[in-house]
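The residues making up each chain are set out below.
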Amino acid sequence: MSTEEKSAAPRSLAEALRVRDDVSLAALLRSRPDLVTPVPTDLTQLATRAGTRASVVRALERLDRFALQAAEALAVAADPAPYEELLRLMAGDEGDPAVTAALPRTVALLREQALVWGADDRLRLVRTARELLAPSPQHPSPTGLGPTVREATAGMSPGRIQEILTAAGLASTHDSVSAVSALGELFGDRERMAALLAALPGESRQVLERLMWGPPYGQVTHDPAAHLRALLDRGLLLPTAPGTVVLPREVALHLRAGRAHRTPEPVPPPVQAAATHRPQVVDATAAGQALAALATVDELLKEWDEGGPAVLRAGGLSVRDLKRTAVALDVPEPVAAFWVELAYAAGLIASDGEADERYAATPAYDEWRELPPAERWALLAESWLTATRTPGVVGGRDAKDRTLSALGPNLDRSAAPEVRHRVLALLAGLPEGASPDGESVLARLRWERPLRGPQREQREQREKREKRDDDLRTRLARWTLSEAELLGVTGRGALAAPGRALIGAPEPVRPAAEHEPEPAGPGDKLPVHHHRTPPVPAPATPAEQAAATAAAARLLAPLFPEPLDHVLLQADLTAVAPGPLERELADVLGVLADVESKGGATVYRFTPGSVRRALDAGQSAADLHAFLARHSRTPVPQPLTYLIDDVARRHGRLRVGAASAYVRCDDDATLDEILADKRAAGLGLRRLAPTVLAAQADPAALLEGLRAMGFAPAAESAAGDVLIARADAHRTPPRAAPQPVPDGPPVPDDTLLSAAVRAIRAGDLASTTPRKPGAGEDAGGGPAADGELPRTSAAETLATVQAAALTGEALWIGYVNAEGAASQRVIAPIRVEGGFVTAYDHTADEVRTYPLHRVTGVAELADDAP
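For every chain, the first residue of the written sequence is number 1, and numbering continues from 1 onward in sequence order. Local features in a predicted model are, by the rule used here, given only for residues with pLDDT of at least 70; side-chain atom pairs are given and counted only at 80 or more, and totals for whole chains, interfaces and linings are based on all residues. Think of the side-chain values as coming from all heavy atoms in the structure, minus any hydrogens and water.

A.B. asks: I keep staring at the overall build of the protein and nothing clicks. Help me out?
C.D. replies: Regarding its fold elements, the protein presents 35 helices and 26 strands. Throughout this description, buried means an accessible area under 20% of the type-specific maximum (1.4 Å probe, protein chains only), exposed means over 50%, and partly exposed covers the range between. Looking at the 866 residues of the protein, the share that counts as buried comes to 46%. The contact definition used throughout considers only heavy atoms, calling two residues in contact when any of these lie within 4.5 Å. Considering only residue pairs separated by 6 or more positions, the protein has 67% of its internal contacts joining residues 24 or more positions apart. Here, Shrake-Rupley sampling with a 1.4 Å probe gives the accessible areas, and only protein chains in the shown set may cover a residue. In the structure as shown, the protein presents an accessible area of about 41,700 Å², 54% of it carried by carbon and sulfur atoms. Each helix corresponds to a stretch of at least 4 residues labelled H or I by DSSP, and each strand to a stretch of at least 2 residues labelled E; elements are numbered beginning at the N terminus.

Given below as structure tokens:
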């Protein structure tokens, strides 16, 4: 490298960022959005923020396995390291062609994210990243490498170092520094090291082989065996503490043929297809699941129409209430938790906020029921995809060892939306109609987001508390695959067309029916997804996600069967609905009969209680007969006709109103029977007329008491009309759906990125522009040092600004705003009047007006300033 090239090479991360173009800076801010919140004032502040521990840890956790392996290799390489050294550490002495092909792209990625800077001949890992990834006794490197010879011999006596040098066959030196260098050169020389190892006993070589892939530390006794003594004498094992030895890094690299990692993984593991199906079968299956999902959520909300379970004092459902809900929905408890949380995420249920707080449907539920089925499903699917609440953790333990309950606190997992989207994107990358092998999906996700160092330990501790073997991302992926099938996003495990649209994936070109391949049989070779799945970016804005959701609804709508307007009545007092019913028909039938079984066809059973329920809702016997005759494709069975007439004959003969309450009946013998009944004593009844009884109890209690005695009274209004009792009147006040908990700052959009880059560039211009020396300064001038603001008197500031306004020259000023924030700016004054200066601000790229009393000082720019 020439002298000019060395002087032009960046000496810091800030200088490396300064030579980037705007596109590269925008890519950095997009990949690491925490750097743009708030917008840095200049490139020096951006570089400082990019090197903080929290930001670096976040960036490292988002690297794929090969990029992380490259960063780990740089952490054990020289600082700075040429690209050739990194390549040797990754590809080994033999030069793995796959690693050689993938490494340039990975280094470019690390540079883009400001984790690595410098030219190819001087690659530098950001200092914080090196501290996190470099080997240490407390935090061993994932590479399994130990300290270098220089690090391991730092506290060793000079005499002992010379003894090791002599035993290794090297000449003595005059000082320890040169002795350590000579020993390191020996261990790095492949030929001489091979000869040195060949002279060792077989047992000594076996010890080295056990330590070479890590951990590099071992235990020895005070008087080690001969084969261990041979290693210690030659420096192939070095003592680090009493009874502890370590394998030097240079020795391990020789034994590994130069590789820092046992198995570099430059290519992601393939996502394999477990089975293939015709796309039409997949879409039809998914549509069936989507209909079942709508029916399940509707059934859940009807169960809670009159007010659902009570809210626990700490929030959420009790274990008993979750079990009851699971029984009512005829599903396992984890699945019941999923449906409850899905309805909550969609804003369909919430707590009512009363003193005796209970869960109930929200007003949004009534609006949701009015939507077409495809749109109702789309709302549920979007809520599931973007929600951070994770029903899969229900039943686990939080950090304070408390049980996590459905609808309770601490269920948010910020990684959930990203994992759901990525799992569906991997499915979208498979051939259409292919269902994935679940383990291959999990392996791919682990490659894309490997665990690392201290974060791995923290997560393992959390998993241990929750009594889980898998990490959170793996469990989220498993839940995604099962929940997507329940919801109808997938069918038979393969991504359906509506699910593909939901994540914004392009729709594949589907071949004509006559050219479609047959499904793969058990003996057929299934396709394997070998290449990197093209990333399907998650919609960046709510509007983009809404557009994707609408597209999914449009694709799903033709897959739904047309709602039926009829049922099949049977002589055993049942009705069979051979498919989904029109909403009005389903609502009336749901009151008139009880659901006995669900599935492809729903079976309803008519009972005296269900018929009375319909009569209580304002229907007459004639209405019910007409309804059944109108909607049945089979003749109305005689037993059903008799049942309705028999219940209706006794229904409403008694009328209850407010006296406090009264009972009236045209048959005075019935009233005599009521008065003679001992169970009526608590109602406070007395006869007012032959056909009227007055009661001290309120109408609701009177109705309940008479029904308990075996009568079937009907409530009456003040005008004498039968009151229609609606069981679905209980609603919570308007409630918003829970907001997802973001996984860090959101990714900035293009508008914000463009504005941030302009602001950073302008601030950097203000902080680095050369200026003329002011009073008392050296003639050298130069850029602002360490962000120091210029300082001049008020009179000097006014005179300099006025002169610049006349000549049109630019000035460098220090400015403190109303909030007390100081900044440096480059301005071109236009006019000065009334204690204000109006100028073109190069920093903000616009004309602004500044109060002169807030200008700390002013300096003229140097003649060679840009």
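A.B. asks: Help me understand unusual backbone geometry, please; the structure alone is not making it clear to me.
C.D. replies: It is generally the case that most residues other than glycine have a negative phi and that most peptide bonds are trans. Cis rather than trans, the peptide bond between D79 and P80 has omega equal to 0°. Relative to the assigned elements, P80 resides in the loop between α6 (65-75) and α7 (83-91). P215 follows G214 through a cis peptide bond whose omega is -5°. Tracing the chain through its elements places P215 in the loop between α14 (202-211) and β3 (217-219). Even without being a glycine, A114 presents a positive backbone phi close to 60°. With respect to the helices and strands, A114 occurs in the loop between α8 (97-112) and β1 (116-117). Residue N410 is not a glycine yet carries a positive backbone phi of 65°. Mapped onto the fold, N410 is located in the loop between α21 (373-386) and α22 (416-428).

A.B. asks: I would appreciate a short explanation of the confidence of the model for the protein in the present structure.
C.D. replies: For any part of a model where pLDDT is low, the fine detail of the predicted coordinates should not be relied upon. When pLDDT is averaged along the protein, the result is 84; 87% of the residues meet or exceed 70. Note: pLDDT gives the predictor's confidence per residue, expressed from 0 to 100. Here residues 453-469 is modelled with pLDDT under 50, and outside its nearest four sequence neighbours on either side it reaches 21 contacts, counting other chains as well. Scored below 50 in pLDDT, residues 775-786 makes 16 contacts in the model with residues more than four places away or belonging to other chains.

A.B. asks: Quick question: what am I supposed to make of the nonpolar core here?
C.D. replies: Note on soluble globular proteins: their nonpolar side chains tend to be buried together. Here, nonpolar core refers to any group of buried Ala, Val, Leu, Ile, Met, Phe, Trp, Tyr and Cys residues whose side-chain atoms link them within 4.5 Å. L29, L46, L183, F187, L236 and L237 are the most contacted members of the largest nonpolar core, which has 93 residues in total. The dominant element in this core, judged by the number of residues it contributes, is α6, at eight residues. Residue contacts for F187: discarding those within four places in its chain leaves V149, M193, L196, R234, G235, L236, E250, V251 and H254. L300, W304, L424 and L430 belong to the second largest nonpolar core, which has 73 residues in total.

A.B. asks: So what exactly am I meant to see when it comes to the sheet that holds strand β16 (residues 602-605) here?
C.D. replies: By definition, the strands of a sheet pair up through backbone hydrogen bonds, in either a parallel or an antiparallel sense. In this analysis, strands are considered paired if DSSP registers two or more bridges between them. Pairing within the open sheet is antiparallel, and its four strands lie in the order β13-β14-β16-β15. The outermost strands of the open sheet, each flanked by one partner alone, are β13 (568-570) and β15 (594-597). Ignoring which end each strand starts from, the neighbouring axes of this sheet average 30° apart. In this sheet, strand β14 (residues 574-577) lies alongside β13 in antiparallel orientation, the contact comprising three bridges. Residue Q570 lies in a different strand from β14, and its bridge partner there is T574. For helices, the axis comes from a line fit to the C-alpha atoms of the stretch in contact; other axes are also lines fit to C-alpha atoms, and the angle between any two N-to-C directions lies between 0 and 180 degrees.

A.B. asks: I'm lost on empty space enclosed by the protein in this one. Help?
C.D. replies: Space left empty within the atom packing is revealed by a probe, the size of a water molecule, rolled over the atoms. For each structure, a 1 Å grid was placed over the protein atoms alone; sets of points admitting a 1.4 Å probe that cannot get out are labelled cavities, open sets with protein on both sides within 12 Å along at least five of seven lines are labelled pockets, and lining residues have an atom within 4 Å of a point. Grid points are joined across faces, edges and corners, and a volume is the space filled by probe spheres set on the points. Taken as a whole and assessed by the stated rule, the structure comprises five cavities of 30 Å³ or more. Space inside the largest cavity adds up to approximately 70 Å³. As for the largest cavity, its lining consists of F338, E341, L342, A345, S383, W384, A387, R389, P391 and R420. When residues of the lining of the largest cavity are traced back to their parent elements, those giving at least two are α19 (333-345) and α21. At four residues, α19 tops the list of elements feeding residues into the lining of the largest cavity. Residue composition of the lining of the largest cavity, grouped by class: six nonpolar, one polar and three charged. Note that Gly is not counted as nonpolar here; it falls among the polar residues with everything else outside the nonpolar set of Ala, Val, Leu, Ile, Met, Phe, Trp, Tyr, Cys and Pro and the charged set of Asp, Glu, Lys and Arg.

A.B. asks: So what exactly am I meant to see when it comes to the packing of aromatic side chains here?
C.D. replies: Between two aromatic rings, the relevant description is the distance of the centres plus the angle of the planes. Note on aromatic pairs: the rings of Phe, Tyr and Trp (six-membered ring only in Trp) are paired at centre separations within 6.5 Å, and the planes decide the class, stacked below 30 degrees, edge-to-face beyond 60, tilted for the rest. Going through the model one piece at a time under the given rule, you end up with four aromatic pairs. Geometrically, a lysine NZ or arginine CZ counts as sitting over a ring once it is within 6 Å of the ring centre and also within 35 degrees of the ring normal. Over the face of the ring belonging to W368 we find R376, whose NZ or CZ atom lies 5.2 Å from the ring centre.

A.B. asks: What is the right way to look at the pairing of strand β22 (residues 811-816) in this model?
C.D. replies: Every other side chain in a regular strand lies on the same face of the sheet, so the side chains alternate between the two faces. Taking burial as the measure, the six residues of β22 include five buried ones, the bulk of the element. If you look at the hairpin formed by β22 and strand β23 (residues 822-833), you'll find five residues sitting between the two strands, and G820 has a positive phi there, around 90°. Relative to strand β26 (residues 855-860), β22 is paired through five bridges, and the arrangement is antiparallel. Paired with G814 across the two strands is G857, which belongs to β26.

A.B. asks: What is the right way to read the sheet that holds β3 from this model?
C.D. replies: Strand order in the open sheet formed by three strands is β3-β5-β4, and the pairing between neighbours is antiparallel. For this open sheet the edge positions go to β3 and β4 (238-241), each flanked by a neighbour on one side alone. Each strand of the sheet is rotated relative to its neighbour by a mean of 40°, with strand direction disregarded. In the sheet, β3 pairs with strand β5 (residues 244-246) via three bridges, with the strands oriented antiparallel.

A.B. asks: Explanation requested: the pattern of salt bridges in the structure shown.
C.D. replies: A side chain with one charge may pair with a side chain of the opposite charge, provided their charged atoms come close. A side-chain nitrogen of Lys or Arg and a carboxyl oxygen of Asp or Glu constitute a salt bridge if their distance falls within 4 Å. Counted by the stated rule, this structure contains 34 salt bridges. Where D356 meets R358, a salt bridge forms, and the shortest distance between an N and an O atom there is 4.0 Å. Classification of R358 as partly exposed rests on a relative accessible area of 30%. Between R679 and D677 there is a salt bridge, with its nearest N and O atoms 3.0 Å apart. Taken together, the shared-partner salt bridges in this structure form one network comprising D298, K302, R369 and D587.

A.B. asks: Quick question: what am I supposed to make of the packing of helix α18 (residues 319-329) against α19 here?
C.D. replies: The description of two packed helices rests on the angle between their axes and on the distance between the axes. Taken N-terminus to C-terminus, the directions of α18 and α19 make an angle of 90°; their axes are 9 Å apart at the nearest point. It follows that α18 is roughly perpendicular to α19 by the angle criterion. Contacts from L322, K323, T325, A326 and L329 of α18 reach α19 at E333, A336, A337, W339 and V340. Taken together, the residues of the contact of α18 with α19 sort by class into seven nonpolar, one polar and two charged. Roughly parallel refers to an angle under 35 degrees, roughly antiparallel to one over 145, roughly perpendicular to one between 65 and 115, and oblique to any angle outside these ranges.

A.B. asks: How should I be thinking about α8 in this particular structure?
C.D. replies: In an α-helix, one turn spans 3.6 residues, which is why side chains three or four residues apart end up on the same side. To estimate how far a helix should reach, multiply one less than its number of residues by 1.5 Å. Helix length check: α8, at 16 residues, gives a terminal C-alpha distance of 24 Å against a target of 22 Å (1.5 Å per residue), a fit within 8%. Remark: the principal bend of α8, roughly 35°, maps to L103, with a proline, P104, within the next four residues. Residues of α8 that are buried: V99, A102, L103, T106, V107 and L110. For α8, the elements touching its buried residues are α6, α7 and β1. Two or three places before A98, at the opening of α8, D96 has a side-chain oxygen 3.0 Å from that residue's backbone nitrogen. The positive-phi residue at the C-terminal boundary of α8 is A114, with phi of around 60°. The bend at a residue is defined as the angle formed between two axes, one fitted to the seven residues ending at that residue and one fitted to the seven starting there. Counted as a polar contact is a pair of N or O atoms within 3.5 Å, where, for protein atoms, one must be capable of donating a hydrogen and the other of accepting one, and residues adjacent in sequence contribute only when both atoms are in side chains.

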